[in-house]
Amino acid sequence: MIEIIDLAYLRVGAANLEEAVQFATETIGLQEVRREDDRIYVRGDERDHDICYVQGGVEQHVVGFEVASDIALEAAFNELAGAGIDVEWGSEGGKADRRVGNFFSFSDPTGNKFEIVLRPHKSARRYFPTRDAGISEFSHVGLKTTDALRDERFWTTYFNIHPNDWIGDAGLLSFDAVHHRIALFPADKHGIQHINFQVDSIDDIMRSYYFLSEKQVHIVFGPGRHVTSGAMFLYYEGPDGMIYEYSHGVKIIEDPNYRPRQYPFTPEAFCAWGAKPDIPEFRD
Ligand SMILES: [Fe+2]
């Protein structure tokens, strides 16, 4: 069993790096960390970076997960290799550009790319954005899946990942007490579906709602409150069609007897307040 202890970073392909970073800093409220070659790094917490934008498209999307030790990293590599999954150690250049001690990569059955990493750097300076959106941390990622039950089985078989609720077949999965760290999202191809940043309060969500509306940013869903995690949320669309989310108040599951709940795939199951996700299934 591979013990993931944290989300490390995302790598996100951008058709226009300048546009992606301008949106990240001026609209989302992230801080630009550095520029190297065809990469620009941004963050909203104590990590060295939360997102590394890379010149390209969805083929560049990667989710990084952290394990606790070099022994755990090697055991993880061997476990996946032993199960017949293609795994590949990272190069020296790859380690340097990711700011990690070591890593290897693999893909899930849908074709999403992942990296298991050791000792990702923290920043020695506090996060200091140019726009105060109230961001406290990068908390979860939405992942497209062509078969949610199959991909959930993949995560629960090899990793300390478990479902905390389902909406239809889509699992809300976690490796720790936070209600979800991965939200599976049924789709016809692979890719990161949304990127979540926690904010300090409902006031931050509502301030951003008016800020984004005034800037004519496409609001995809919300403001609302998830029935499953209890988090209040706002989803909006950035460059390359990437969806970003602010949320506050996600459930921390401390009850050892907690059992995942099955909800139907309906708008009501996504929002307790009545907001409808702007996705094809729910368009009138
Ligand atoms: Fe989310």
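Summary of the structure given here. All figures in this text were calculated on a predicted structure; none of them were measured in a lab. (Residues numbered from 1 in each chain as written. Predicted model: local features only at pLDDT ≥ 70, side-chain atom pairs only at ≥ 80, totals over all residues. Heavy atoms only, no water.)

Section: the overall build of the protein chain
Secondary structure summary: the protein chain contains six helices and 17 strands in total. For a compact globule of 284 residues, the expected C-alpha radius of gyration is about 19 Å, and the protein chain comes in at 18 Å, within 12% of that figure. Dimensions of the protein chain, computed from C-alpha atoms along their principal axes, come out at roughly 45 × 45 × 35 Å. Expressed as a percentage of the 284 residues in the protein chain, the buried residues total 56%. Looking at the protein chain alone, contacts between residues at least 24 apart form 65% of all its contacts between residues at least 6 apart. When the accessible surface of the protein chain is summed, it comes to about 12500 Å², and 49% of that surface belongs to carbon and sulfur atoms. Placing the 28 positive and 46 negative side-chain charges of the protein chain at their respective mean positions leaves the two points 2 Å apart. (Helix = DSSP H or I, 4+ residues; strand = E, 2+ residues; numbered from the N terminus. Rg over C-alpha atoms; globule rule 2.2 N^0.38 Å. Buried < 20%, exposed > 50% of the residue type's maximum accessible area, 1.4 Å probe, protein only. Contact = heavy atoms within 4.5 Å. Areas by Shrake-Rupley, 256 points an atom, 1.4 Å probe, with all protein chains shown as cover. Lys, Arg positive; Asp, Glu negative; His and termini not counted. Charge placed at Lys NZ, Arg CZ, Asp CG, Glu CD.)

Side note on the sheet that holds strand β3 (residues 39–43)
The eight strands are arranged β2-β3-β4-β1-β5-β8-β7-β6 in an open sheet whose pairing can be described as mixed. Each edge of the sheet is formed by a strand with only one pairing partner; in this case those strands are β2 (31–36) and β6 (88–89). Of the strands in this sheet, β5 (62–67), β6, β7 (102–107) and β8 (113–118) touch helix α2 (residues 70–82), which is tilted by about 25° from β7. (Pairing = 2+ DSSP bridges. Axes fitted to C-alpha atoms, helices over the stretch in contact; angles between N-to-C directions.)

Some details on helix α4 (residues 148–158)
Within α4 the residues assigned to the buried category are Ala 148, Asp 151, Glu 152, Phe 154, Trp 155 and Tyr 158. Along the axis of α4, the buried residues cluster in a sector spanning 160°; they form a single face. (Arc of directions from axis to C-beta.)

Things to note about the nonpolar core
Most often, soluble globular proteins have nonpolar side chains that are buried together. Residues Ile 28, Tyr 53, Phe 106 and Phe 159 are the most contacted members of the largest nonpolar core, which totals 59 residues. The element that contributes the greatest number of residues to this core is helix α1 (residues 17–28), accounting for six residues. A domain-level breakdown of this core finds at least three residues from each of domain 1 (6–118) and domain 2 (135–282). The next biggest cluster of nonpolar side chains, apart from the first, holds 13 residues, and it includes Leu 172, Val 220, Tyr 235 and Phe 270. (Core = buried A, V, L, I, M, F, W, Y, C linked by side-chain atoms within 4.5 Å. Domains from an automatic or database assignment.)

Here's the deal with the pattern of salt bridges
Tallying each qualifying case throughout the model produces 19 salt bridges. When the shortest N-O distance is used, the salt bridge between Arg 39 and Glu 36 registers 2.9 Å. By relative accessible area, which is 12% here, Arg 39 ends up buried. We note a salt bridge from Arg 98 to Glu 115, for which the minimum N-O separation is 2.7 Å. (Salt bridge = Lys/Arg side-chain N within 4 Å of Asp/Glu carboxyl O.)

Points about helix α5 (residues 202–214)
A turn of α-helix holds 3.6 residues, and therefore any two residues three or four places apart point the same way. End to end, α5 covers 18 Å across 13 residues, agreeing with the expected 18 Å (1.5 Å per residue, within 8%). Residues of α5 that are buried include every one of Asp 204, Ile 205, Ser 208 and Leu 212, and no others. One face of α5 carries all of its buried residues, which in axial projection span an arc of 95°. Within α5, the exposed residues directed more than 90 degrees away from the buried face are Arg 207, Tyr 210 and Glu 214. (Expected span 1.5 Å × (residues − 1).)

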